[in-house]
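Single-letter residue listing:
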Amino acid sequence: MYFESHAHYDDGRFDKDREEILNLLPSCGIDYVINVGCDMESSRKSIEMAEKYDYVYAAVGVHPHDAENMKESDLDELRQMSSHKKVVAIGEIGLDYYYDNSPRDVQRYWFKRQLELVKEVNKPVIIHSREASKETFDIIKESGVRKGVIHCYSGSAQMAKDYINMGFYIGIGGVITFSNAKKLVEVAETIQLEQILIETDSPYLSPIPNRGKRNDSRNLQFVVKKLAKIKDLTPEKVANITKLNAKQLFFK
Ligand SMILES: [Zn+2]
């Protein structure tokens, strides 16, 4: 039923019940999960999980928060990892000028270098962008990468269209259920369902009615319900179309 396009089950917040939750997911309608790496260690763990669970796939990459610690040999290791049969994307990579955990020039440097890797290995990319919309867009455009998803999209409706025209999908998660999500609702109204992937970003960003609690993929139903309302479709239809979209992007 659901394709979870972005989760972090390697996160320490799942240490006590990771297996229990992952084992539960298929019976809760979660058909596929992409576990997304955000540093070298979580990229390795993502692959381990993908090897253990049929329905889990991995993305490998270094998040802008961790860009400062990245080194040349990491890029080589990511290249190696990306040839694993269950690694379906490079990510999450990008820019985060909200937290600024790494200096901005360092973030930009490793974002560009990882985008070169994306082109080289010809896999889709999972993009993280916060408070850096214009610069993220310009760097991607210049890189020539034309396949991926803008995860937890927070930009304008116009920019969403520009990304779609460039070959990207728009990732939508729990934020769409928040009462102050006017801008994101407008994005969802403007673009076609065929361009949307659903995600939780677990353990972060739980949708209403579970806002503030640890998130897991079982909460995808609330994202889907909200999208169904916006698009005036049944939740089943929204689940099916977004699943097809994700399969098209990651498995083709
Ligand atoms: Zn994430």
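Residues numbered from 1 in each chain as written. Predicted model: local features only at pLDDT ≥ 70, side-chain atom pairs only at ≥ 80, totals over all residues. Heavy atoms only, no water.

**Focus on helix α9 (residues 235–250)**
Quick note on the threshold: Helix numbers and strand numbers start at the N terminus; a helix is a DSSP run of H or I with at least 4 residues, a strand a run of E with at least 2. Every helix has an expected span of 1.5 Å times one less than the residues it contains. Exposure categories follow from relative accessible area, calculated using a 1.4 Å probe and restricted to protein chains: below 20% of the type maximum is buried, above 50% is exposed, and the middle band is partly exposed.
Here α9 is 16 residues long and its end C-alpha atoms lie 22 Å apart, about the 22 Å a rise of 1.5 Å per residue gives. Among all positions in α9, only V238, A239, I241, T242, K243, N245, A246, L249 and F250 are buried.

**Considering the pattern of salt bridges**
Where we set the bar: One speaks of a salt bridge when a side-chain nitrogen belonging to Lys or Arg is within 4 Å of a carboxyl oxygen belonging to Asp or Glu.
As enumerated under the stated definition, the model contains 15 salt bridges in all. D76 serves as the salt-bridge partner of R79, at 2.9 Å between the closest nitrogen and oxygen. Taken as a pair, R79 and D76 lie in helix α3 (residues 72–81) at a separation of three residues, close to a single helical turn. The closest approach of N and O atoms between E120 and R79, which form a salt bridge, is 2.7 Å. One end of the pair, E120, is in helix α4 (residues 104–121); the other, R79, is in helix α3, with 41 residues separating them in the sequence. Note on R79: relative accessible area 31%, which makes it partly exposed. Residues joined by salt bridges that share partners form a network here, namely E41, R44 and E77.

**Some points on the packing of aromatic side chains**
We apply this condition: In summary, the pairing rule links any two rings of Phe, Tyr or Trp, Trp by its six-membered ring, whose centres are within 6.5 Å, and it sorts them by plane angle into stacked for under 30 degrees, edge-to-face for over 60 and tilted for everything else.
Enumeration over the complete set of coordinates arrives at 13 aromatic pairs. Between Y57 and F251 the ring centres are 4.7 Å apart and the planes differ by 50°, which places this aromatic pair in the tilted class. Taken as a pair, Y57 in strand β3 (residues 56–60) and F251 in the segment after α9 lie far apart in primary sequence, 194 residues in all. A ring pair is formed by Y153 and Y163, whose centres lie 6.5 Å apart and whose planes are at 90°; its orientation type is edge-to-face. In this pair, Y153 sits in the loop between β6 (148–150) and α6 (157–165) while Y163 sits in helix α6, placing the two residues ten residues apart along the sequence. As far as the burial class goes, Y153 and Y163 line up, both buried. Through successive ring pairs, a cluster of aromatic residues spans F3, Y32, Y57, F250 and F251.

**Observations regarding the environment of A89**
Cut-off, in case you're wondering: We call two residues in contact when some of their heavy atoms are within 4.5 Å.
Considering the arrangement of structural elements, one finds A89 in strand β4 (residues 87–96). On the basis of relative accessibility, which here comes to 0%, the residue A89 falls in the buried class. For A89, the contacting residues outside a window of four places in its chain are A58, A59, V60, K123, P124, I126 and F250.

**As for the coordination of the zinc ion**
Put simply, the rule reads: Counted as donors are N, O and S atoms no farther than 2.8 Å from the metal, or 3.2 Å for Na, K and Ca; water is not among the atoms, and sites may therefore look incomplete. Under the classification used here, a metal with four donors is tetrahedral if each angle lies between 85 and 135 degrees, square planar if opposite donors are over 155 degrees apart and the others between 65 and 115, a six-donor metal meeting that same test is octahedral, and anything else is irregular.
Looking at the zinc ion, the protein donor atoms are H6 (NE2), H8 (NE2), E92 (OE) and D201 (OD), and they sit 2.1 to 2.4 Å from it. Note that the zinc ion binds four donor atoms; their angles at the metal cover 86 to 172°, and the shape is irregular. Donor residues binding the zinc ion come from one chain and are separated in sequence as H-x1-H-x83-E-x108-D. What makes H6 buried here is its relative accessible area of 1%. With a relative accessible area of 4%, H8 lands in the buried category.

Read these as spatial facts, not as claims about activity.
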